[in-house]
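Each chain, written out:
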Amino acid sequence: MFNSLRYTKALEEAGVARNQAEAHVGILADMMGSHFATTQDIKDLRVELTQDMEKLRTDLRQDFYKVNQDLVTIHNKMDNLEYRLTIKLGGLLAGSIALAATVMTLIIKLV
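**Let's talk about the pattern of salt bridges**
Within the structure shown, the criterion is met by 4 salt bridges. Among the salt bridges present, the one from K55 reaches D59, with a minimum N-O distance of 2.9 Å. Taken as a pair, K55 and D59 lie in helix α3 (residues 39–110) at a separation of 4 residues, close to a single helical turn. On the basis of relative accessible area, K55 is assigned to the exposed category, the value being 52%. Accessibility expressed as a relative area gives 27% for D59, which makes it partly exposed. A network of salt bridges, in which partner residues are shared, links E12, R18 and E22.

Written as structure tokens, this is what we have:
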């Protein structure tokens, strides 16, 4: 905290006239009042930052939950695609074996 009386006395003891010392104190007090944060300003800022951080935490939790849900959905779709692909490949393999057996039978009959 700024002690204006002590500052005025220090200026006077240094040889500055009383009216000039008071002018210095007035200017300095004006500058400090408009440019420096008070204890209350800092407390208010702390409360505001705490609220902002809590809102950010809540938003992040919600976003992570949504991302997790999306990943579960993607995983389920990939499982479904894997199953369908396995069925199709199995069908192609069975068809290939049947075709090869048919071709072999025809070759044996022709020879």
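**Section: the packing of helix α1 (residues 4–13) against helix α2 (residues 18–35)**
Two numbers describe how α1 lies on α2: the axes approach to 9 Å, and their chain directions differ by 140°. Judged by the angle between their axes, α1 and α2 are oblique. Helix-helix and strand crossings are classified by hand; for α1 and α2 the assignment is right-handed. Counted together, S4, Y7, T8, L11 and E12 of α1 and R18, A21, E22, H24, V25 and L28 of α2 form the full contact between these two elements. When its residues are assigned to classes, the contact of α1 with α2 shows 5 nonpolar, 3 polar and 3 charged.

**A closer look at the environment of N68**
Along the chain, the position of N68 falls in helix α3. For N68, a relative accessible area of 41% translates into the label partly exposed. Sequence separation of N68 and A10 is 58 residues, and the distance between their C-alpha atoms is 66 Å.

How each quantity is defined
Residues numbered from 1 in each chain as written. Predicted model: local features only at pLDDT ≥ 70, side-chain atom pairs only at ≥ 80, totals over all residues. Heavy atoms only, no water. Salt bridge = Lys/Arg side-chain N within 4 Å of Asp/Glu carboxyl O. Helix = DSSP H or I, 4+ residues; strand = E, 2+ residues; numbered from the N terminus. Buried < 20%, exposed > 50% of the residue type's maximum accessible area, 1.4 Å probe, protein only. Axes fitted to C-alpha atoms, helices over the stretch in contact; angles between N-to-C directions. Parallel < 35°, antiparallel > 145°, perpendicular 65-115°, else oblique. Left-handed = near helix turned anticlockwise from the far one by under 90°. Contact = heavy atoms within 4.5 Å. Nonpolar A, V, L, I, M, F, W, Y, C, P; charged D, E, K, R; others polar.

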